[in-house]
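Okay, here's what each chain looks like letter by letter:
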Amino acid sequence: MPHYKELGLVNSREMFKKAIKGGYAIPAFNFNNLEQMQAIIGACVETKSPVILQVSKGARQYANQTLLTYLAKGAVEYAKELGYPIPIVLHLDHGDSFELCKSCIETGFSSVMIDGSALSYEENVKLTKQVVDYAHQFDVTVEGELGVLAGIEDEVSHEHTSYTRPEDVEDFVKKTGVDSLAISIGTSHGAFKFKVKPGELPPPLRFDILEECVRRIPGFPIVLHGSSSVPQDIVAEINKYGGKMENTAGVSEDQLRRASKSAVCKINIDSDGRLAMTAAIRKVFVEKPGEFDPRKYLGPARDKLKELYKHKTINVLGSAGKA
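A brief structural summary. Quantities reported herein were computed from a predicted structural model and do not represent experimental measurements.

The rules behind these values
- Residues numbered from 1 in each chain as written.
- Predicted model: local features only at pLDDT ≥ 70, side-chain atom pairs only at ≥ 80, totals over all residues.
- Heavy atoms only, no water.
- Helix = DSSP H or I, 4+ residues; strand = E, 2+ residues; numbered from the N terminus.
- Buried < 20%, exposed > 50% of the residue type's maximum accessible area, 1.4 Å probe, protein only.
- Polar contact = N/O pair within 3.5 Å; in protein donor to acceptor, adjacent residues only side chain to side chain.
- Salt bridge = Lys/Arg side-chain N within 4 Å of Asp/Glu carboxyl O.
- 1 Å grid on protein atoms, 1.4 Å probe; cavity = no way out; pocket = protein on both sides within 12 Å on 5 of 7 lines; lining within 4 Å.
- Points joined across faces, edges and corners; volume = space filled by probe spheres on them.
- Axes fitted to C-alpha atoms, helices over the stretch in contact; angles between N-to-C directions.
- Parallel < 35°, antiparallel > 145°, perpendicular 65-115°, else oblique.
- Contact = heavy atoms within 4.5 Å.
- Nonpolar A, V, L, I, M, F, W, Y, C, P; charged D, E, K, R; others polar.

**Here we look at the side chain of Thr 176**
Next up, step 1: Within the secondary structure layout, Thr 176 lies in helix α7 (residues 166-176).
Next up, step 2: Classification of Thr 176 by relative accessible area gives buried; the value is 3%.
Next up, step 3: Within the local environment of Thr 176, its side chain forms a polar contact with the backbone nitrogen of Val 178, the two atoms lying 3.3 Å apart.

Structure representation (structure tokens):
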């Protein structure tokens, strides 16, 4: 299989340096299929934003590892065809083993995450360093994680949040050699991130933890997972057209914008995209119950996802115009 540079991809190293200096965050959007990839690239080309295409372990199993490799190559060529060759990273999201990370590197990924956050500190350091030592031989960047996010998304599931201990970050970065670090400051996976009553606001992020981490590892790339905002207008549209999603809550976009102006240079967004596509598909099925052409419901889903992601790059992450 080809090295990522042969596919036209880049790793995240220079991308993160520019983001930290410029006070914005790179969008990390998950994809599983063609329509999601088209929406992500279309949105980022139109807003001239760099982007990280994220693939989870589950997505790789669903879509096939070889097809995903060449979808990423297609994304690079698609951006050129649309008129603006934005920098694109292909990144493994929540890799859970050395073997998975190694396989992704061998199939063209330019960046991998090894998530040892549920292990003991010592085991997390050992596993992360093993991945780093292998990945850096191929100029592939590595993301590690300290702290545990609650919630469920794909194969990642934790009942409780364990905030990152700032006193660990410097030692972890030094011992592992990671290129970026995902921390836990109150974000959460999935569409049901927080237990809130109707009308209540989700709890604020722990910016005190973020600021202390930044103080201890100044200028080092920090990542936020579980950063979907769960737009309530999209949730309402899902429910209007037959869905049943109650008491959903996400991370305030204002707080994400604040985080992106600091050393947080990568923000992961997945659930918002799932919600947007689901809303559009449900609308077609209710308004046109006889429709059976996948293009007629996946097309509107792709368009809605594209508009959502344009909003994220422009108004939330500040990455528009930075490619």
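Now that the structure has been shown, the text picks up again.
**Remarks on the pattern of salt bridges**
Next up, step 1: With the rule as written, the count across this model stands at 26 salt bridges.
Next up, step 2: Salt-bridge contacts for Lys 266 lead to Glu 143; the nearest nitrogen and oxygen are separated by 2.9 Å. With a gap of 123 residues between them, Lys 266 in strand β10 (residues 264-269) and Glu 143 in strand β5 (residues 141-146) connect regions that are remote in the sequence.
Next up, step 3: Of the residues examined, Lys 266 reaches a relative accessible area of 1% and is grouped as buried.

**A look at empty space enclosed by the protein**
Next up, step 1: Applying the stated criterion across every chain yields a total of 2 cavities of 30 Å³ or more.
Next up, step 2: Here the second largest cavity is characterised by a volume of approximately 30 Å³.

**Observations regarding the packing of helix α8 (residues 207-216) against helix α10 (residues 253-260)**
Next up, step 1: Their axes nearest at 12 Å, the elements α8 and α10 cross at an angle of 10°. If you check the angle between α8 and α10, you find them roughly parallel. Taken together, the residues of α10 that come into contact with α8 (itself represented by Phe 207, Leu 210 and Glu 211) are Gln 255, Arg 258 and Ala 259.
Next up, step 2: Of the residues that constitute the contact of α8 with α10, the class distribution is 3 nonpolar, 1 polar and 2 charged.

Bear in mind that shape data such as this cannot, by itself, settle questions of function.
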